[in-house]
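Coordinate analysis (summary)
Now for the letters of each chain:
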Amino acid sequence: MDFALLVPISLIVCITYAIKIVMDARVRKQLVSSNGSPELVQSIMANDETNRRLSSLRWGITMVALAIGFGIVQGAGWTEVNPGVIALLVGSLGLGNLAFYALSRKLG
């Protein structure tokens, strides 16, 4: 892997994420300062909090499923990257996302 290529890509991702955060904060500030209905502001803030919680849950479940996949690869003694290893890791990510979907349907 060429690390000289990784730095500019990381920089672009970080700048894009920073712009997104600033724009979200600006929209919230304008919404509050425009004297919108308190119910609307409260609804938007509650929805954002729910989305943040569900995002954390999704990443947590997905990372645990990926860790289980890596554990299986290590336990099986596979040392080379081949289609079977990749299929196991991608499959564990898919199962993690499906588990999140099922859990979020129960919570919602």
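Residues numbered from 1 in each chain as written. Predicted model: local features only at pLDDT ≥ 70, side-chain atom pairs only at ≥ 80, totals over all residues. Heavy atoms only, no water.

Details of the overall build of the protein
If you tally the helices and strands in the protein, you get three helices and zero strands. Relative to the globule expectation of 13 Å for 108 residues, the C-alpha radius of gyration of the protein, 20 Å, shows a markedly less compact shape. Here the protein, with 108 residues, has 13% of them falling under the buried criterion. A fraction of 53% describes how many contacts in the protein between residues 6 or more apart in sequence connect residues 24 or more apart. (Helix = DSSP H or I, 4+ residues; strand = E, 2+ residues; numbered from the N terminus. Rg over C-alpha atoms; globule rule 2.2 N^0.38 Å. Buried < 20%, exposed > 50% of the residue type's maximum accessible area, 1.4 Å probe, protein only. Contact = heavy atoms within 4.5 Å.)

Regarding the confidence of the model for the protein
For the protein, mean pLDDT is 85; residues scoring 70 or higher make up 97% of the total. Mean pLDDT across the secondary structure elements of the protein bottoms out at helix α2 (residues 38-76), with 85, and peaks at helix α1 (residues 3-33), with 88. (pLDDT = per-residue confidence, 0-100.)

Quick notes on the side chain of Ser92
Relative to the assigned elements, Ser92 resides in helix α3 (residues 83-107). On the basis of relative accessible area, Ser92 is assigned to the buried category, the value being 9%. Aside from chain neighbours lying at most four places away, what touches Ser92 is Ala65, Leu66 and Gly69.

With respect to the pattern of salt bridges
Side chains that differ in sign of charge can pair as their charged atoms come close. Applying the stated rule across the entire model yields two salt bridges. Salt-bridge contacts for Glu49 lead to Arg52; the nearest nitrogen and oxygen are separated by 3.1 Å. Within this pair, Glu49 and its partner Arg52 are both found in helix α2, separated by three residues, close to a single helical turn. Taking relative accessible area as the criterion, Glu49 reaches 37% and is therefore assigned partly exposed. Here Arg52 falls in the partly exposed class, since its relative accessible area comes to 45%. (Salt bridge = Lys/Arg side-chain N within 4 Å of Asp/Glu carboxyl O.)

With respect to the packing of α1 against α2
Two numbers describe how α1 lies on α2: the axes approach to 10 Å, and their chain directions differ by 155°. Compared by their axis directions, α1 and α2 come out roughly antiparallel. Relative to α2, the crossing made by α1 is left-handed. The segment α1 lies against α2, with Arg28, Leu31 and Val32 engaging Leu40, Val41, Ile44, Met45, Asp48 and Arg52. Looking at the contact of α1 with α2, its residues break down into six nonpolar, no polar and three charged. (Axes fitted to C-alpha atoms, helices over the stretch in contact; angles between N-to-C directions. Parallel < 35°, antiparallel > 145°, perpendicular 65-115°, else oblique. Left-handed = near helix turned anticlockwise from the far one by under 90°. Nonpolar A, V, L, I, M, F, W, Y, C, P; charged D, E, K, R; others polar.)

Observations regarding a nonpolar patch on the surface
A surface patch of nonpolar side chains, about 390 Å² in accessible area, is lined by Leu11, Ile15, Ile19 and Met23. The residue Met23 is located in helix α1 in this model. On the basis of relative accessibility, which here comes to 42%, the residue Met23 falls in the partly exposed class. (Patch = residues over 30% accessible without salt bridge, like charges linked within 9 Å, V, L, I, M, F, W, Y side chains within 5 Å. Areas by Shrake-Rupley, 256 points an atom, 1.4 Å probe, with all protein chains shown as cover.)

Thoughts on α3
Here α3 contains 25 residues, and its C-alpha end-to-end distance of 36 Å stays within 8% of the 36 Å for a straight helix at 1.5 Å per residue. In this structure Asn82 caps α3, since a side-chain oxygen of it lies 3.1 Å from the backbone nitrogen of Gly84. (Expected span 1.5 Å × (residues − 1). Polar contact = N/O pair within 3.5 Å; in protein donor to acceptor, adjacent residues only side chain to side chain.)

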